[in-house]
Amino acid sequence: MENCMAEVNISTEGKPIECSEPLNVGEEMSVCHENPEQTKPIMKMETESLNGNAKPRFSITSERNNSLVDQGSGIGLGNATPGGPPTRSRPSSKMTKYVECWGADKPFANIAESTLAKNIELTSMDMIETNLLPNRNSCLECRKWLSGEDLHPALLWFRNPVQEDEYRSQSDSEFRYYMAGATIVFIGMCIMQLATIPKGIILYGTLGPTFIVLLVFVYLCWLEGCCSSKPATDTPLEHIDSCVPPGRIVADSRCLRIAIFLLTVTLISACAVVTVVDYEPLPNLVSNATSLILEGRNASDYGEINDPSNTTALMGDPENSIIEYVPTYLYGSAMSLCAISVYLRIGFLLKLGLMVASIISHIYVYSYLKFFQDYHDTHDDKFPNIPFEIKTALVLTVAIILFHILDRQIEFTSRTDFLWKAKLKVEQEEVETMRGINKILLENILPAHVAEKFLTSRNTQDLYHERYSCVGVMFASIPNYKEFYDESDVNKQGLECLRLLNEIICEFDKLLLKPKFSCIEKIKTIGSTYMLASGLRPGKENSGEASRKEEYNIIALVDFAVLLMTNLDQINRDSFQRFKLRVGINHGPVIAGVVGAQKPQYDIWGNTVNVASRMDSCGMMGRIQVTEDTAKILMHTGYTCECRGPTFVKGKGTLTTYFVKTQFDDK
Ligand SMILES: Nc1ncnc2c1ncn2[C@@H]1O[C@H](COP(=O)(O)OP(=O)(O)OP(=O)(O)O)[C@@H](O)[C@H]1O
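Residues numbered from 1 in each chain as written. Predicted model: local features only at pLDDT ≥ 70, side-chain atom pairs only at ≥ 80, totals over all residues. Heavy atoms only, no water.

**Observations regarding the overall build of the chain**
- Secondary structure summary: the chain contains 26 helices and 11 strands in total.
- The 667 residues of the chain split such that 42% are buried.
- Look at the contacts in the chain between residues 6 or more apart in sequence, and 69% of them connect residues 24 or more apart.
- A total accessible area of about 34900 Å² is found for the chain, and carbon and sulfur atoms account for 58% of it. (Helix = DSSP H or I, 4+ residues; strand = E, 2+ residues; numbered from the N terminus. Buried < 20%, exposed > 50% of the residue type's maximum accessible area, 1.4 Å probe, protein only. Contact = heavy atoms within 4.5 Å. Areas by Shrake-Rupley, 256 points an atom, 1.4 Å probe, with all protein chains shown as cover.)

The structure is reproduced here in structure tokens:
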């Protein structure tokens, strides 16, 4: 706002300004625009008696004009402090400030209106720095932060149920690795059992099918590309019908993953102990069943087990005794715990429950086996009074605790990771938002290609400049605005006049949005003069169509000048004024660049610009004056130009100039 206003330099030259349209005292006019958006009165012009003359007083009710209200007595040039110099509030790093600075229909209004603006309120570089700077967040701090605010300290669940749901419903592409890990543990257990305990139908009958089941699951989980990739179609239904590989289905479905996990660990856990039925039937419960199973077994392996007379002998000869198989079962139990633990992304509480259930069932089975007691009696002489079940349970409980600590740590890390990713995503979005806003802001100040350059280039220290061999330059001024401008009390020291100028310039700016005029760049306003250039596109002018571009640039400027005149005519009708546009156009080489550091400004320089300015300043109201070269191009493209003859141009001598024929010539 400050920038915009500071550029407006209106000189009244101390002359009393006459009202351009005599009005009756007390008369009030409501002025409406033609388009629907502007059908509400945007200006109310009242007259008051002042020294016998009716003077215009505008009270503008449009939002745009509110931008000029309440900015202190200095007509919006800053926040005036009573009794002191005006203080300027610089925009802070937070984009909210930028947004708040500008209301609707004003420069940067597109930012305030964008939905992004809402996000910006949440954004601050501070937050990003605090959360993302690695050296400021040690693991311990992170733990404290999480357990305190985001995670339940015992359950490690997110306090926010939505977050918890999101975490649980995450896809787990690593599941196939866990599946493979569990299978490897199972293979280890198989090798151990096959190497140590006697092979029999039960051993093969349990390990074999379990192995096949595990392999099938591993295969399915790793199967990612079974479906032929169909070409993308426009019909959504065809997408739905297209086959999804089983690996993806498993990775995406939490229920399926848990079901596979439960099934596989149950099978592995069962395989760890199921062969004990080969050796010693459980009392009463399965004695008959076991004796049936034992029928037909290899007598050389098991005959001695059923022979009570052999038991004492076996105990006396531990080398060949079945009690030596006990460690295999104990290791098998531990390995089944390991198989549970390898499923890293399954909830640690579920895994803990399964481990406990698995060990309780194992110990329950072991407690019915006499040779486990015998093993205890022969190998453990330190605490003979403690039952072997308790001792076995203690050893396996230690394993459970170790696995549980590991699982807990892994889950904590996984949840922390999830939180960080979520926060990072938000922050990345915010950074993107801020980058977008910077772009919008820069594009409001600079031409798009220059803004792009400043946004992408790291080296902004060098003077930015561009050389063009042929650019059209236009100065369009409203010479009689000076006569209209009045700093009397009636006009609030010129504020009301300034509002009308603002209205005119905003209308002119709107015309630039038309695609036809995309080659035109507004350079600035100098008082009531509107300065433009066409053809400021780096890299485009050296193409083979350079001469056509030159013509196009000049034609665009002339058409734009005619449109400005048409628009000003409409404003005149609405505001009962008689403003006239005086336009000067020239073309030729210019140098463009950005000058200034705090308030950088894009501008163009060169003789072409000076002459264009002179074409305006020595031109005529309501006419477009061009140089001879520009006129030739215009006439070549079908425009009618009227030779003004030799015209004295300050600093350039006498030049032959032309007026472009327009429908406003006779008005
Ligand atoms: N980049 C620019 N922006 C605005 N006006 C410009 C620019 N370049 C030149 N002019 C205007 O062109 C006119 C001609 O400039 P020139 O350098 O020929 O003469 P000058 O002696 O500097 O101008 P003057 O006699 O009006 O003070 C000047 O009025 C100047 O303000």
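On we go.
**Structural notes on the site of the ligand**
- With respect to spatial proximity, the complete set of residues near the ligand consists of Phe 475, Lys 524, Ile 526, Met 531, Asp 603, Ile 604, Val 609, Asn 610, Ser 613, Arg 614, Lys 650 and Lys 652.
- Side-chain polar atom of Lys 524 to a nitrogen atom of the ligand: 2.9 Å apart, as the coordinates give it.
- With respect to the ligand, the side chain of Lys 650 contributes an N or O atom lying 2.6 Å from an oxygen atom.
- Within the complex, the protein chains bury 56% of what would otherwise be the 590 Å² of accessible surface of the ligand.
- Those elements that place two or more of their residues in the shell around the ligand are β5 (520–526), β8 (601–605) and α25 (607–617).
- No other element matches α25, which puts four residues into the shell around the ligand. (Near = heavy atom within 4 Å. Polar contact = N/O pair within 3.5 Å; in protein donor to acceptor, adjacent residues only side chain to side chain.)

**Some words on the packing of helix α13 (residues 254–273) against helix α18 (residues 348–367)**
- In contact at an axis separation of 11 Å, α13 and α18 are set at 20° when each is read in the N-to-C sense. Put simply, α13 runs roughly parallel to α18. Crossing geometry of α13 relative to α18 is assigned as right-handed. For the pair α13 and α18, the contacting residues are Ile 258, Phe 261, Leu 262, Val 265, Ser 269, Ala 272 and Val 273 in the first and Leu 350, Lys 351, Leu 354, Ser 358, His 362 and Tyr 366 in the second.
- Split by residue class, the contact of α13 with α18 holds nine nonpolar, three polar and one charged. (Axes fitted to C-alpha atoms, helices over the stretch in contact; angles between N-to-C directions. Parallel < 35°, antiparallel > 145°, perpendicular 65-115°, else oblique. Left-handed = near helix turned anticlockwise from the far one by under 90°. Nonpolar A, V, L, I, M, F, W, Y, C, P; charged D, E, K, R; others polar.)

**Examining the pairing of strand β4 (residues 464–477)**
- With 11 of 14 residues buried, β4 is to be regarded as a mostly interior element.
- For β4 and strand β7 (residues 582–595), the ladder comprises 12 bridges, and the chain directions are antiparallel. Following the sheet pairing, Tyr 464 is matched in β7 by Val 594. (Pairing = 2+ DSSP bridges.)

**Observations regarding unusual backbone geometry**
- A positive phi angle, close to 60°, is found at Leu 156, a residue other than glycine.
- Mapped onto the elements of the fold, Leu 156 is located in the loop between α7 (139–150) and α8 (161–168).
- Since its relative accessible area comes to 6%, Leu 156 is described here as buried.
- A positive phi angle, close to 55°, is found at Phe 576, a residue other than glycine.
- Along the chain, Phe 576 turns up in the loop between α24 (546–575) and β7.

**Some remarks on the UniProt feature "transmembrane region" (unreviewed entry) in the chain**
- Per the UniProt record, "transmembrane region" (unreviewed entry) is annotated on residues 177–195, 201–222, 258–277, 325–344, 349–368 and 388–406.
- The annotated region residues 201–222 carries 100% helix and 0% strand content, and the separation between its end C-alpha atoms amounts to 31 Å.
- Taken end to end, residues 388–406 has its terminal C-alpha atoms 27 Å apart, with 100% of it in helix and 0% in strand. (UniProt positions renumbered as here; feature names shortened; annotations may be inferred.)

**Considerations on the environment of Thr 328**
- Its location among the elements puts Thr 328 in helix α17 (residues 326–341).
- With sequence-adjacent residues up to four places away left out, Thr 328 is seen in contact with Met 192, Gln 193, Thr 196 and Ile 197.

**What to know about the pattern of salt bridges**
- Across all of its chains, the model carries 19 salt bridges by this definition.
- Lys 439 serves as the salt-bridge partner of Glu 443, at 3.4 Å between the closest nitrogen and oxygen. Within this pair, Glu 443 and its partner Lys 439 are both found in helix α20 (residues 388–445), separated by four residues, close to a single helical turn.
- Given a relative accessible area of 33%, Glu 443 falls into the partly exposed group.
- On the basis of relative accessibility, which here comes to 33%, the residue Lys 439 falls in the partly exposed class.
- Taking the shortest distance from any N to any O, the salt bridge between Asp 665 and Arg 623 comes out at 3.0 Å. Of this pair, Asp 665 sits in the segment after β11 (653–660) while Arg 623 sits in the loop between α25 and β9 (624–627); the two residues are 42 residues apart in sequence, bridging distant segments of the chain. Per residue, the accessibility class of Asp 665 equals that of Arg 623, and both read buried.
- If you follow the salt bridges from partner to partner, you end up with Glu 164, Arg 168, Glu 411 and Arg 415 in one network. (Salt bridge = Lys/Arg side-chain N within 4 Å of Asp/Glu carboxyl O.)

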